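Each chain, written out:
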There are 2 protein chains.
Amino acid sequence: MGVPIVGVIGGGQLARMMIPAAVELGVEIRVLAEAEGSSARLAATQVGDYRDLDTVMAFAKDVDVVTFDHEHVPQAVLRALLDAEISVQPGPDALEFAQDKLRMRQRLSELGAPVPDWAAVSNPEELQQFISEHGGAAVLKTPRGGYDGHGVRIVRAGTDAGDWFENFEALLVEELVDFRRELAQVVARRPNGEIVAWPVVESVQRDGVCHEVFAPAPGVNSGNDRLAEVTTSIAETIAEELGVTGVLAVELFETTDQRVLVNELAMRPHNSGHWTIDGSRTSQFEQHLRAVLDLPLGDASPIDRHSVMVNILGGPQEEAITDRFAAVMARVPDAKLHTYGKSARPGRKVGHITVSGEDLDEVTYRARMAASYFEDSTE
Amino acid sequence: MGVPIVGVIGGGQLARMMIPAAVELGVEIRVLAEAEGSSARLAATQVGDYRDLDTVMAFAKDVDVVTFDHEHVPQAVLRALLDAEISVQPGPDALEFAQDKLRMRQRLSELGAPVPDWAAVSNPEELQQFISEHGGAAVLKTPRGGYDGHGVRIVRAGTDAGDWFENFEALLVEELVDFRRELAQVVARRPNGEIVAWPVVESVQRDGVCHEVFAPAPGVNSGNDRLAEVTTSIAETIAEELGVTGVLAVELFETTDQRVLVNELAMRPHNSGHWTIDGSRTSQFEQHLRAVLDLPLGDASPIDRHSVMVNILGGPQEEAITDRFAAVMARVPDAKLHTYGKSARPGRKVGHITVSGEDLDEVTYRARMAASYFEDSTE
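This one's a predicted model, so the numbers in the text were calculated from it and none came from an experiment.

When the parts of a complex come together, some accessible area is lost, and that lost area is often used as the size of the interface. Each partner contributes to the interface: chain B provides 38 residues, whereas chain A provides 38 residues. For the side of chain B that touches chain A, the leading source of residues is helix α1 (residues 13-25) of chain B, giving six residues. In terms of residue class, the side of chain B that touches chain A is made up of 23 nonpolar, eight polar and seven charged.

Okay, here's the thing in structure tokens:
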């Protein structure tokens, strides 16, 4: 066969960050973007609606594999691609569990994966009952459409669901987990079954959005291998049992009583894996390309003892993000800057910074200092 | 100002490898390619002849800086860009010394840089005299148009120049240096004068083409810092005195009697710096973008004790280079594969592989093994 062509549905920063990996390897990448000027515009060969079957079929017919920047392509579209004998990685059977949080919770419970207490609730009374049974507070989630803190709220009464019951047949309610910290275990799996795991990381959220990632999760380096074994085993089991291909990110809680519980799944490269671009032998973006093409997976070892990634959230409102480059580069010459070609907007992910090295405190300090140059002075 | 736009003249693999660096940083890159389907086609916004002023002006008028994939843009075109107040990095005054080997030798001699014995010769008699004075053999070079072994030959008689005297007013003749090995010192310099150097490397040629690069040059790690000091000082002096901006590669001979002599200059990212993509905190391609945009330069430290780069020369003739990926990736999961989207042709540079690690012998073995999968079985 000729040079393989990977088609990516969605033109966000995840598609964008697949471009360098594709260019370096020498595989072709094409993007179906939602709009002109997308983050992945350099590789956009088509602009259109990913919910429209004709649009997606036109895009997919000339590529060797279809993969994704996000999980929002409707099941009907995905299954029509399969019917047309187009390789879709991950496939609709797996993606369904990333698209519907209720189905995900149900399936993980069946698998015996550790999850918070949860229930499907259809009205304020059922919600109130769950809250009463779980200490007077719970986390309520819409089964679909949530991201970066959207579609998630803390509730203390059955009436706190607002209009969500009108829009969904059932909602997912979960116990409010008393967690010590949040972790993420990122793995990649290829269709033939090979799985490779990166070190488990700690992720720190700000206003429901990933803000900082510490790789590996502090403490894992110095011999706490039980934690890494547990998180890797959980993620590998999920990848296998759900038939995930490509990158799978499993977001986890590490509880104050030493348990690990699965929070969310993402079946694509994930913010908690951005550090791998600079900090691992194989980045999650290269690994995703290898995996969806069913090529042998790369070495996921970390290059340094510690890598710290800090997101650039919002970005400068009054000037281009690149106007801050000179100051950052002069101050932190080893900071790896990544900006996504997106316009600034409060809270929006517009870039990230990774610093790697031997000493966690120093690496953290330098990564945060570099990121601070991109804060909007008007916020 | 808005997002900076870098315009690259030439669509070869050096322009191609600037694309990932530009995408990661978030600067815009546009390429003026010689033809459709160039190695850098993903960023090609125009196809045309770089020797044609109108073509180049049309390309350059909307970019913030013009830089290069090669050194062949005519001086008249470069100077017209300057007249139009377009930033050209490196500028024509510097590029002249990369374009004309006679002028380069003359200037380096004036600077007191260590160079082989040389002369400008205009006829077979002058050539014969130089040969006679230098042990019966010498290296003859055309002042312009040489690359990868073209325009260079070993001569033992004044008549060995063939038709070269008909095509050039004068030729460059140099002593045949008795060298222990070839080295390359790559540095980057920005217009404000800041210079950063990568470790000196050893480069091994095959049939006049770069074949393997060992970074750093073996022995430098274990305390042979005199060599690194000498090569860095030579390259920095040349960059400063010639006013080079962007990446400068200085190819050197390390002689059997412990001297270092300047062989060639390249004012652009260079094959001897490809290892930096995977093996240095800042790749030569990112550094080149920073430098030509007059941004502070990145940390050029090596990430590993050793990196070994092996070129893929020729490539498989009967199948796509990517058809060999599965075998290589399965065997050497930490090999970093780079292919350039070029068709196979005997001896052509179509990709490279870098392996990094602690042990030089092991790293070398693994890099060579990975590259061997791409050899053409019919060669």
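Attention now moves to the environment of G37 of chain B. One can find G37 of chain B in the loop between β2 (28-33) and β3 (44-47). Taking C-alpha positions, G37 of chain B is 8.5 Å from K342 of chain B, a pair spaced 305 residues apart along the chain.

What follows concerns the domain arrangement of chain A. Residue and element names in this part refer to chain A. Split by domain assignment, chain A resolves into domain 1 (5-88), domain 2 (117-175) and domain 3 (179-372). The straight-line distance from the C-alpha centre of domain 1 to that of domain 3 is 23 Å. With 17 residues of domain 1 at the interface, the matching set in domain 3 holds 16 residues. Residue assignment for the side of domain 1 that touches domain 3 shows that the elements contributing at least two residues are α1 (13-25) and β4 (65-68). Broken down by element, the side of domain 1 that touches domain 3 gets its largest block of residues, eight residues, from α1. Residue composition of the side of domain 1 that touches domain 3, grouped by class: ten nonpolar, four polar and three charged.

So, about the relation of the copies chain B and chain A. Of the transformation superimposing chain B on chain A, the axial component is 0.0 Å and the angular component is 180°, with the fit at an RMSD of 0.0 Å. A rotation of that kind, with that shift, is consistent with a two-fold axis. No C-alpha of chain B lies nearer the rotation axis than that of P20 of chain B, which sits 2.1 Å from it. Taken together, the interface assignments show that 100% of the residues at the interface of chain B recur at the interface of chain A, consistent with an identical surface on both copies.

Taking 1.5 Å as the rise per residue, α1 of chain A with 13 residues should run 18 Å; its terminal C-alpha atoms sit 19 Å apart, in good agreement. G26 of chain A lies just past α1 of chain A and shows a positive phi near 100°.

Attention now goes to the environment of Q106 of chain B. Inspection of the secondary structure puts Q106 of chain B in helix α5 (residues 101-111). For Q106 of chain B and A120 of chain B, which are 14 residues apart along the polypeptide, the C-alpha to C-alpha distance reads 9.3 Å.

All names here are of chain B. In spatial order, the strands read β5-β8-β6-β7; together these four strands make up an open sheet with antiparallel pairing. At either margin of the open sheet sits one strand with a lone partner, and together these are β5 (118-121) and β7 (152-155). Pairwise comparison of adjacent strand axes, ignoring direction, gives a mean angle of 30° for this sheet. By the bridge criterion, four bridges tie strand β6 (residues 138-141) to β7 in an arrangement that is antiparallel. Following the sheet pairing, A138 is matched in β7 by V155. Together, β5, β6, β7 and β8 (171-175) form the strand contacts of helix α6 (residues 124-133), whose direction differs from that of β5 by roughly 165°.

What counts, and at which threshold
Residues numbered from 1 in each chain as written. Chains lettered and ligands numbered in written order. Predicted model: local features only at pLDDT ≥ 70, side-chain atom pairs only at ≥ 80, totals over all residues. Contact = placed C-beta atoms within 7 Å. Helix = DSSP H or I, 4+ residues; strand = E, 2+ residues; numbered from the N terminus. Nonpolar A, V, L, I, M, F, W, Y, C, P; charged D, E, K, R; others polar. Domains from an automatic or database assignment. Least-squares fit on C-alpha atoms with pLDDT ≥ 70 in both. Expected span 1.5 Å × (residues − 1). Pairing = 2+ DSSP bridges. Axes fitted to C-alpha atoms, helices over the stretch in contact; angles between N-to-C directions.

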